[in-house]
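Architecture at a glance
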Amino acid sequence: MSQPRLLVTSALPYANGPIHVGHLVEYIQTDIWVRFQKLLGRRCVYLCADDTHGTAIMIRARQEQRSEEDVIARMQANHEQDFAAFDVAFDHYGSTNSPVNRRLCGEIWSALRQKGLIVEREVTQLFDPVAGTFLADRFVKGTCPKCQAPNQYGDSCDRCGATYSPTDLVNPVSTLSGATPEMRAASHLFVQLEQLHSFLADWTRNSGSLQEEVSNYLQGHFLQEPLRDWDVSRPAPYFGFEIPDSPGNYWYVWFDAPIGYMASTSEWCEKHDEKFDDWWRSPDVEIHHFIGKDITYFHTLFWPGMLHAAGYNLPRQVHIHGFLTVGGEKMSKSKGTFIKAETYRKHLDPAYLRYYYASKLGGRLDDLDLNLDEFIAKVNADLVGKVVNLASRTARFVQATGLSPTYPDDGGLFAEGATKGAEIAAAYAACEYARATRLVMELADRANPYVEANAPWALNKDPSQAERLRDVCTVALNLFRQLAIYLAPVLPRLAEQAGKLLNRPIERWSDAETPLVGTPVAPFQHMLQRVERKDVDLMIEDSKDSTAVPSASAPAPVPTDTAAPAPWQDSDEPLKAEALAPQITIDEFAKVDLRIARVIAAEDVAEAKKLLKLTVSLGGDVQRTVFAGIKAAYRPEQLVGRLVVIAANLAPRQMKFGTSEGMIVAVGPGEKDVFLLGVDAGGRPGQRVH
Ligand SMILES: [Zn+2]
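Note that the structure is predicted; figures quoted are calculated from it, not measured. (Residues numbered from 1 in each chain as written. Predicted model: local features only at pLDDT ≥ 70, side-chain atom pairs only at ≥ 80, totals over all residues. Heavy atoms only, no water.)

For the protein, the helix and strand inventory stands at 21 helices and 25 strands. Considered along the principal axes of its C-alpha atoms, the protein spans approximately 105 × 70 × 55 Å. When the 690 residues of the protein are sorted by exposure, 54% land in the buried category. When the accessible surface of the protein is summed, it comes to about 31400 Å², and 50% of that surface belongs to carbon and sulfur atoms. The centroid of the 72 positive side-chain charges in the protein is displaced by 2 Å from the centroid of its 87 negative side-chain charges. (Helix = DSSP H or I, 4+ residues; strand = E, 2+ residues; numbered from the N terminus. Buried < 20%, exposed > 50% of the residue type's maximum accessible area, 1.4 Å probe, protein only. Areas by Shrake-Rupley, 256 points an atom, 1.4 Å probe, with all protein chains shown as cover. Lys, Arg positive; Asp, Glu negative; His and termini not counted. Charge placed at Lys NZ, Arg CZ, Asp CG, Glu CD.)

Next comes the structure, spelled out in structure tokens:
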């Protein structure tokens, strides 16, 4: 009888920021599980994607004056580099902003409609009249209605902990434009989850798909009362997929994100000649989601509800983990404990972190602490001192002879290790990696005294002991290899090195049952170096510098830190393309009156190929209408609210579609490559450029 195939996912990282050590808990946890299953010979596919939609991406793109597509493409490239460096090996990595995802969203949406699960209702929400967008809670700041603390976010107060609606804030201000938000009503679409109540109550309690503490939490917190309708649409402007049967409305990012698991599967199927329904509608596939506890609600109620309604496989298991703390506290930029994956790998070997996390992870939702002293001690004592040591102290003595032709008497050490394999495997399967690594270290603790007692370095000095030396090294290297097999899910590079050293790649978990004999031994190469305290300190120092730099044109509600800047090396091509103009005097320059202006309205001129019609404000009620040839580079909604520079004293120019009262300055060769000039924070409409 064949075992079920496994489809495994990690939560999709959001395209608004880089991967940090907190995220890595989950990717490393999942990757270990997948590698373990593959080592057992199970058919297992590991899928993930970047989560790309939503207001945060739209706002970021506006602030950085790039397209959303550019923002998400660059971030995805960063994410993929980090995952590769940490040996997180997806079978496919997609994006939620893909045609397949749009199509699947449409299919699931139709199914929800057909089942009568969608209702439409008006929602009144704060709206930023300058930025022209509705405001999510965290884009509104104001004075706490309870304790009067200033500068609090729209959903809760940092000072007194009160939670409230953004409409309760005293003197609310939009963080996007600084404008006072107003109340506006818009129509939203909801999924009536309550119609699925009995299905969800049964599934969460009886399917065995959830950890017991999660099942109890859902029963006690949400399922005791009617489930609230889930708001799954957002009115334009929004970066996402427009809902086909509700123009002007977009699916909320949380609707399309989990469907990204399916879209990624579909893309993988396409590449490997597999059928999508064989993976999402087949009874012999188990779906395993790995997520953090912060998104429990989405994955244990909404998502199974959607899958059930649309007739897809339900998750066989939702594996939920806790949060990461560093030194017992929340990660902090000022303390240097907000450690980005990229910063970590500049200073330390990713294998250390994989091992450390494995040594701390259990199958429950407990938080995991990265204690840097323990981190150094554990890696050095366990990996360098107990595992690699077995090979580094013996391999060179058998490099000339290879391993003994028959396996010597080792007092039962290898056989004992082989017997332990089942228990270690069970621990991995149950996500009890702390237990798995502890069992492996117990075996290492038995192997090391054997080497000490038989002192191959002493035997090597006595030619009459050559055969014994070879036997002792054969035992030590086989015990090393057995440990490397058991650690292969955690430390794939070490397993690979062990395979090269003994000229036999590690391919199966069952390789740990049989000792190698008679194989040649390659020259010993360094495997894992000791962790040095100074490298850890440097990483922390480096992390202190990487705090977000606020974007130029507006206060930034979202982090803008991306990859480290490339070294300055600019091309001479632009200057060659357009030579410098003849010299002028300061008086001549002063004739051009350049002013800062704010775009307050922008619309497409449908009949013109290149033009957008912009209304800009110079402050007070001085406004100008300007036609700008930037249609290929900007969409109207990207411009509303932002500051631009205009040549304000140009004679008005009669154009086919109206009069243009000024010119917005920009650079670039044209078409899509047009870049408006921005203004650093503090610059205000009406101010002159001097
Ligand atoms: Zn308060």
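Glancing now at empty space enclosed by the protein. Tallied over the full model, the rule gives three cavities of 30 Å³ or more. The calculated volume of the largest cavity comes to roughly 70 Å³. Lining the largest cavity are L413, L443, R446, A447, L479, Q482 and L483. (1 Å grid on protein atoms, 1.4 Å probe; cavity = no way out; pocket = protein on both sides within 12 Å on 5 of 7 lines; lining within 4 Å. Points joined across faces, edges and corners; volume = space filled by probe spheres on them.)

Quick look at unusual backbone geometry now. A cis amide bond links A236 to the next residue, P237, at an omega of -5 degrees. You will see that A455, though not glycine, has its phi angle at about 30 degrees, which is positive. Checked against the element boundaries, A455 lands in the loop between α14 (433-454) and α15 (456-459).

Here we come to the sheet that holds strand β3 (residues 92-95). Taking strand neighbours across the sheet as the criterion, the five strands line up as β3-β2-β1-β13-β14 in an open arrangement whose pairing is parallel. Each of the sheet's edge strands pairs with one partner strand only, and the pair in question is β3 and β14 (317-321). On average, each strand axis in the sheet is tilted by 20 degrees relative to the strand beside it, whichever way the strands run. Packed on one face of the sheet, helix α3 (residues 68-85) meets β2 (44-50) and β3 and runs near 160 degrees to β3. Most of the contacts of helix α7 (residues 253-272) go to β3, to which it runs at about 125 degrees, and overall it touches β1 (5-10), β2, β3 and β13 (285-292). (Pairing = 2+ DSSP bridges. Axes fitted to C-alpha atoms, helices over the stretch in contact; angles between N-to-C directions. Contact = heavy atoms within 4.5 Å.)

Taken together, the five strands give an open sheet; going across it, the order is β19-β18-β17-β20-β23, and neighbouring strands pair in antiparallel fashion. In this open sheet, the two strands that pair with only one neighbour each are β19 (623-628) and β23 (663-664).

The coordination sphere of the zinc ion contains the protein donors C144 (SG), C147 (SG), C157 (SG) and C160 (SG), at a distance range of 2.2 to 2.3 Å. Each of the four donor atoms bound to the zinc ion contributes to angles spanning 108 to 112 degrees, and the resulting shape is tetrahedral. Here the donor residues of the zinc ion share one chain and are spaced in sequence as C-x2-C-x9-C-x2-C. Within this pair, whereas C144 is found in the loop between β6 (140-143) and β7 (152-153), its partner C157 is found in the loop between β7 and β8 (170-174), the two being separated by 13 residues in sequence. Relative accessible area serves as the criterion here: at 0%, C144 is assigned to the buried category. (Donors = N, O, S within 2.8 Å, 3.2 Å for Na, K, Ca; no water. Tetrahedral: all angles 85-135°; square planar, octahedral: opposite > 155°, others 65-115°.)

With that out of the way, let us pick up the side chain of H299. Mapped onto the elements, H299 comes out in helix α9 (residues 296-310). For H299, a relative accessible area of 2% puts it in the buried group. Setting aside its immediate chain neighbours within four residues, H299 contacts W254, Y261, I291, P304 and V318.

On to the packing of aromatic side chains, then. This structure, assessed with the given rule, holds 31 aromatic pairs. With centroids separated by 4.6 Å and ring planes inclined at 55 degrees, the aromatic side chains of Y46 and F90 adopt a geometry described as tilted. Separated by 44 residues along the polypeptide, Y46 in strand β2 and F90 in the loop between α3 and β3 bring together distant segments of the chain. Relative accessible area serves as the criterion here: at 18%, F90 is assigned to the buried category. Geometrically, the ring pair formed by Y238 and Y250 is tilted, given 6.3 Å between the ring centres and 50 degrees between the ring planes. Of the two residues, Y238 is situated in the loop between β11 (233-235) and β12 (249-251) and Y250 in strand β12; the sequence distance between them amounts to twelve residues. (Phe/Tyr/Trp six-rings, centres within 6.5 Å; stacked < 30°, edge-to-face > 60°.)

The α-helix winds at 3.6 residues per turn, so residues separated by three or four positions along the chain end up facing the same way. In this model α14 runs 32 Å from its N-terminal to its C-terminal C-alpha over 22 residues, within 8% of the 32 Å that 1.5 Å per residue would give. A positive backbone phi angle near 30 degrees is found at A455, which sits one or two residues after α14. (Expected span 1.5 Å × (residues − 1).)

Let's shift gears to the packing of helix α12 (residues 372-392) against α14. Axis angle and axis distance: for two packed helices, these are the angle between their axes and the distance between the axes, and together they describe the pair. Where α12 contacts α14, the axes come no closer than 9 Å and their chain directions differ by 55 degrees. Considered as vectors, α12 and α14 are oriented oblique to each other. Every pair of crossing elements has a handedness; the one defined by α12 and α14 is left-handed. Contact with α12, carried on its side by D382, L383, G385, K386, V387, N389 and L390, involves M441, A444, D445, A447, N448 and V451 of α14 and no other residues of that element. Residue composition of the contact of α12 with α14, by class: seven nonpolar, three polar and three charged. (Parallel < 35°, antiparallel > 145°, perpendicular 65-115°, else oblique. Left-handed = near helix turned anticlockwise from the far one by under 90°. Nonpolar A, V, L, I, M, F, W, Y, C, P; charged D, E, K, R; others polar.)

Inspection of the secondary structure puts F127 in strand β4 (residues 118-128). Residues F127 and I243, spaced 116 residues apart in sequence, show a C-alpha to C-alpha distance of 21 Å. Other than its neighbours up to four places away in sequence, F127 contacts G132, T133, F134, L135, P181, E182 and R184.

With that out of the way, let us pick up the nonpolar core. Generally speaking, soluble globular proteins have nonpolar side chains that are buried together. Core analysis: the largest hydrophobic core is formed by 166 residues, its most contacted members being F255, M262, W280, L353, Y357, F375 and Y428. Per-element tally for this core: the top contributor is helix α16 (residues 466-486), with twelve residues. Not counting residues within four places of it along the chain, the set of residues in contact with W280 comprises L7, Y261, M262, T265, I287, H289, W303, L307, Y312 and N313. Ranked by size, the runner-up nonpolar core spans 21 residues in total, among them F139, C144, A149 and A162. (Core = buried A, V, L, I, M, F, W, Y, C linked by side-chain atoms within 4.5 Å.)

So, on to the pattern of salt bridges. Charged atoms that come close allow side chains of opposite charge to pair. In this structure the tally under the stated criterion is 38 salt bridges. One salt bridge in this structure joins E374 and K360, with 2.9 Å as the shortest N-O distance. Taken as a pair, E374 in helix α12 and K360 in helix α11 (residues 350-360) lie far apart in primary sequence, 14 residues in all. Relative accessible area serves as the criterion here: at 30%, K360 is assigned to the partly exposed category. Where D593 meets R688, a salt bridge forms, and the shortest distance between an N and an O atom there is 3.1 Å. Here the residue D593 occupies a position in the loop between α20 (586-590) and β17 (594-604), and R688 occupies one in the segment after β25 (673-676), the gap between them amounting to 95 residues. Accessibility expressed as a relative area gives 30% for R688, which makes it partly exposed. What you see here is one network of salt bridges that share partners, running through R60, E64, R66, D70 and R74. (Salt bridge = Lys/Arg side-chain N within 4 Å of Asp/Glu carboxyl O.)

The predicted coordinates should not be examined in detail at positions where pLDDT is low. Within the protein, residue pLDDT values average 92, and 96% of them lie at 70 or more. Scored below 50 in pLDDT, residues 546-568 makes 53 contacts in the model with residues more than four places away or belonging to other chains. (pLDDT = per-residue confidence, 0-100.)

Turning to the packing of α11 against α14, a few remarks are in order. The interhelical angle for the contact between α11 and α14, taken along N-to-C directions, is 105 degrees, at an axis separation of 5 Å. By the angle class used here, α11 and α14 are roughly perpendicular. Across from Y355, A358, S359 and K360 in α11, the residues of α14 making contact are Y433, A434, T437 and M441. Residue classes in the contact of α11 with α14 are distributed as five nonpolar, two polar and one charged.

Here we take up the pairing of strand β9 (residues 182-191). Here β4 pairs with β9 via ten bridges, running antiparallel. If you follow T124 over to β9, its bridge partner there is A185. Judged from the two bridges that link them, β9 and strand β10 (residues 230-231) form a sheet pairing that is antiparallel. Bridge pairing in β10 places F190 opposite D231.

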